[in-house]
Amino acid sequence: MRILLIEDDQMIGESVAESLKDSGYAVDWVKDGDSGLSAIGCQHYDLLLLDLGLPRKDGIDVLRSVRQQKKSLPVIILTARDAVEDRIAGLDTGADDYLVKPFALGELSARIRAVLRRQSSSSGPHLTNGVISLDPVTREACLVGATPLRLSAREFALLQALLVRPGAILSRGELEEKIYAWGDEVESNAIEFFIHSLRKKFGSDIIKNVRGLGWMVAKVS
Ligand code: CA
């Protein structure tokens, strides 16, 4: 999952970006509204975390532009503006949720999971294709009936990207986009490496290679 964070506060930005990276998200962080809109224009994101008080373009204006262009991009507002009118304005402009600063990082993670869950085909808290199930809270995966195994942040990110839409083929570039942010060093065989380690844990059939196109998890249920 790739997240864009638009936040001009250095400390909040750093702690949010670090904690989300530790949870296996690819996070791009920009510090003003214009840079945020440019990023959205050239990169696919699964979620936007948006501060409202921003230099160069106010968060509400950013949200308005986002909604004109990318209607389906989920947006969570992070704001110190706790006045009821501001919250109403944010939700009316098209935000999916909001958090008032200061907030606990654990609550932010839970809200991100809730918003992403609404976008995916799974209805419960776990992502599954009927064969393998992934718990976004503990970052554990298990084959049905077997003991859960904890995944590394990158293994988790890769399996999550595939399990959001079982049956959909993701190319190498699409998978890299889900697990690496700007500035991350991408090794040329990284995707194969993580797929190999997931297959070692859960069996070689768990991720299928579609020659010339990419990889998928089977759509079973
Ligand atoms: Ca701000």
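Structure shown above.
Procedures and definitions
- Residues numbered from 1 in each chain as written.
- Predicted model: local features only at pLDDT ≥ 70, side-chain atom pairs only at ≥ 80, totals over all residues.
- Heavy atoms only, no water.
- Salt bridge = Lys/Arg side-chain N within 4 Å of Asp/Glu carboxyl O.
- Helix = DSSP H or I, 4+ residues; strand = E, 2+ residues; numbered from the N terminus.
- Buried < 20%, exposed > 50% of the residue type's maximum accessible area, 1.4 Å probe, protein only.
- Pairing = 2+ DSSP bridges.
- Axes fitted to C-alpha atoms, helices over the stretch in contact; angles between N-to-C directions.
- Contact = heavy atoms within 4.5 Å.

(A) Representation of the pattern of salt bridges. Per the counting criterion, the structure on display carries 13 salt bridges. In this structure, Lys101 and Glu7 form a salt bridge, with 2.9 Å as the shortest nitrogen-oxygen distance. Of the two residues, Lys101 is situated in the loop between strand 5 (97–100) and helix 5 (105–119) and Glu7 in the loop between strand 1 (2–6) and helix 1 (10–22); the sequence distance between them amounts to 94 residues. Judged by its relative accessible area of 1%, Glu7 falls in the buried class. A salt bridge links Arg64 to Asp61; its shortest N-O distance comes to 3.2 Å. With Arg64 and Asp61 both in helix 3 (residues 59–69) and 3 residues apart, the pair spans about one turn of that helix. A residue is classified by how much of its surface remains accessible, and Arg64, at 42% relative accessible area, is partly exposed. Residue class for Asp61 comes out partly exposed when judged on its relative accessible area of 34%. Three or more residues are tied together by salt bridges with common partners; here these are Glu7, Asp51 and Lys101.

(B) Here's a closer look at the sheet that holds strand 7 (residues 132–135). Overall, antiparallel pairing links the 4 strands, which are arranged 6-7-8-9 in an open sheet. Two strands lie at the open edges of the sheet, namely strand 6 (127–128) and strand 9 (149–150), each paired on one side alone. Pairing geometry for strand 7 and strand 8 (residues 140–143), over 4 bridges, is antiparallel. Residue Leu134 lies in a different strand from strand 8, and its bridge partner there is Ala141.

(C) Here's a closer look at the sheet that holds strand 1. What the 5 strands build is an open sheet, ordered 2-1-3-4-5; its pairing is parallel. Because the sheet does not close on itself, it has two edges, and the strands there are strand 2 (26–30) and strand 5. Adjacent strand axes in the sheet meet at a mean angle of 20°, parallel and antiparallel pairs treated alike. The sheet contact formed by strand 3 (residues 47–51) and strand 4 (residues 75–79) spans 4 bridges and is parallel. Note on strand 4: the bridge partner recorded for Leu49 is Ile76. In the packing of helix 2 (residues 33–42) onto the sheet, contacts are made with strand 1, strand 2 and strand 3, and the angle to strand 1 comes to roughly 160°.

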